[in-house]
Amino acid sequence: MTASNPGTTLRTLSRGLEVLEAIAAADGTASAKSLARQLDLNRSTCYHILRTLQEDGFVTRLPKGTYIVGSRAARLSKTVADHTRPDPTLSALLSRLHRLTRETVYISGWYHGTVTLQEWIAGLHMLNVGNLDVGYTGNMHARASCKAILAHLPGRDVEAMLPDDSFTQLTPNTIPNHGALATELKLVAQRGYAIDAEEYEIGVSCVAAPFFDVDGKPSGAYAVSAPTARFNRDLGSLSTHVRDVAHRATSHLRATSPTPLRAVGDGR
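Throughout, residues of each chain are indexed from 1 in the direction in which the sequence is written. The model is predicted, so local features are restricted to residues of pLDDT at least 70 and side-chain atom pairs to those at 80 or more, both for listing and for counting; the totals for chains, interfaces and linings are taken over all residues. Computation of side-chain values: all heavy atoms of the structure, hydrogens and water removed.

*Asks:* How would you explain the packing of helix 5 (residues 88–101) against helix 9 (residues 228–256) if you had to name every residue and give the values?
*Replies:* In this analysis an axis means a line fitted to C-alpha atoms, helices contributing only their contacting stretch, and an angle means the value between N-to-C directions, from 0 to 180 degrees. The secondary structure listing takes helices from DSSP runs of H or I that are at least 4 residues long and strands from runs of E that are at least 2 residues long, numbered from the N terminus. Two elements in contact, helix 5 and helix 9, have axes separated by 10 Å at closest approach and are oriented at 165°. Classed by the angle they form, the pair helix 5 and helix 9 counts as roughly antiparallel. Crossing of helix 5 over helix 9 shows right-handed handedness. For the pair helix 5 and helix 9, contact is made by Thr89, Leu90, Leu93, Arg96, Leu97, Leu100 and Thr101 and by Leu238, His241, Val242, Asp244, Val245, Arg248, Ala249, His252 and Leu253, respectively. Roughly parallel refers to an angle under 35 degrees, roughly antiparallel to one over 145, roughly perpendicular to one between 65 and 115, and oblique to any angle outside these ranges. Throughout, a crossing is termed right-handed when the near helix is turned clockwise from the far one, and left-handed when it is turned anticlockwise from it by less than a right angle. Note on contacts: a residue pair is in contact if any heavy atoms of the two residues lie within 4.5 Å.

*Asks:* Quick rundown of unusual backbone geometry? Include the residues and the values.
*Replies:* Of note in the backbone geometry, Asn139 takes a positive phi value of approximately 50° without being a glycine. As for its position among the elements, Asn139 is in the loop between strand 5 (114–121) and helix 6 (144–150). Residues other than glycine seldom take positive phi values, yet Glu198 does so here, at roughly 55°. Positionally, Glu198 belongs in the loop between strand 6 (194–197) and strand 7 (204–212). We call a residue buried when its accessible area falls under 20% of the maximum for its residue type, exposed when it is over 50%, and partly exposed in between, using a 1.4 Å probe and counting protein chains only. Given a relative accessible area of 17%, Glu198 falls into the buried group.

*Asks:* How would you sum up the sheet that holds strand 5? Please name residues and give values.
*Replies:* By this definition, two strands are paired if DSSP reports at least two bridges between them. The strand order across the open sheet formed by five strands is 5-4-8-7-6, and the pairing between neighbours is antiparallel. One side of each edge strand has no neighbouring strand; the edge strands of this open sheet are strand 5 and strand 6. Ignoring which end each strand starts from, the neighbouring axes of this sheet average 25° apart. Here strand 6 pairs with strand 7 via four bridges, running antiparallel. Along strand 7, the bridge assignment pairs Ala194 with Ala208. Set on the sheet, helix 9 makes contact with strand 6, strand 7 and strand 8 (218–227); between it and strand 7 the angle comes to about 15°.

Right, dumping it as structure tokens:
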């Protein structure tokens, strides 16, 4: 009997998760036929996956033949939200940023080696930006919030987190490789904020600023996105507001962190 390959993945499981994700995104409009077409699945395979997900409580079939997320998936979603929800004061600062800019705003947290979108508030003119939602961790090379954080990490750590094949070209403006990313991160560190100039999605641009913990390590980032024409016009004020809110978040984290205990005999 040969040892199993640690790199082996279960394609059926991956397909099942893709179906579950597509059902969640469709919000009650996904049918077996539409899912098979969307995910390029054999129709019978799609039905088998759906029956399995339904029997296990991850999806529910509606009378009209479409599917919604089931109770077990909802519980998983709640668990993820509970673990990723930002500190209440940081959420309040996100609301402040929204009031100041009236644009779509985000807060992302940095932990476990990735940048996770924790909360967002839609602007007056709703933006539909790809699949950005709470819990999203992908495409760190193309997101302003990620670049704002990566700029304050050691270069070797950035390279370890972003393999060469992770530089997906989402638009013609997307950073293509480590060399270009390293150059961009130096600029981010110098000016104090990061920009996504239609690197994630054409027609939408974003500015982000990081906030730091008591040890001076990046803890997360705030971001503001807007249609590119308005973004370019208002970049000065948007960057000022996002940096101000990030500075307030840093001050909050440092003020509320426990004071280290002095060593015995420390006379300071």
